[in-house]
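# Residue-level structure breakdown
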Amino acid sequence: MSKPSVIIERHFNGPPGSGQGGYVCGLVGNLVEGDAEVMLHQPPPLDKRLAVSYEEGGRVCLLDGDMLVATGYPTEW
């Protein structure tokens, strides 16, 4: 069974060589159950398979190898 992953396609570019922050945050937020808060930790790479890790408490991590790209957390309003 393959691990979950996403690819940020080149046409969703933001700053040179990286994904547009709003798009990437929306992508990660959609992986979180319910409402979410998302934080980017580094520029998201384009056209590269990024691993998705589902963790305890509903946290979702987007990883480029061992590097943390973004995290999403469930929120309550």
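Here goes a summary of the coordinates provided. Throughout, residues of each chain are indexed from 1 in the direction in which the sequence is written. Given that the model is predicted, a residue must reach a pLDDT of at least 70 before its local features are reported, and side-chain atom pairs must reach 80 or more before they are shown or counted; all residues, however, enter totals for whole chains, interfaces and linings. Only heavy atoms go into the side-chain values, all of them from the structure, while hydrogens and water stay out.

## Topic: the nonpolar core
Where we set the bar: By convention a nonpolar core is built from buried Ala, Val, Leu, Ile, Met, Phe, Trp, Tyr and Cys residues, the set being connected through side-chain atoms within 4.5 Å. Exposed residues in this analysis have more than 50% of their type's maximum accessible area, buried residues have under 20%, and partly exposed residues fall in between, with area computed by a 1.4 Å probe over protein chains only. Secondary structure elements follow DSSP: runs of H or I of four or more residues count as helices, runs of E of two or more count as strands, with numbering from the N terminus. A contact between two residues is defined here by any heavy atoms of the two lying within 4.5 Å.
Counting residues in each nonpolar core, the largest one holds 12 residues, listed as V6, I8, V24, V28, V32, L46, L50, V52, V60, L62, V69 and A70. For this core, the secondary structure elements donating two or more residues are α1 (21-29), β3 (49-54), β4 (60-64) and β5 (67-74). Among all residues touching V60, those that are not within four sequence positions of it are V28, L31, V32, V52, S53, Y54, A70, T71 and G72.

## Topic: α1
Applicable threshold: Relevant arc is that of directions from the helix axis to the C-beta atoms, nothing else. Polar contacts, as counted here, are pairs of nitrogen or oxygen atoms within 3.5 Å of one another; within protein the pair requires one atom able to donate a hydrogen and one able to accept it, and residues that are adjacent in sequence qualify only if both atoms are side-chain atoms.
Along α1, the residues that are buried comprise V24, V28 and G29. The buried side chains of α1 occupy one side of the element, clustering within an arc of 135° when seen end-on. Buried residues belonging to α1 abut β2 (36-40), β4 and β5. At the N-terminal boundary of α1, the capping side chain belongs to Q20, with an oxygen 2.9 Å from the backbone nitrogen of G22.

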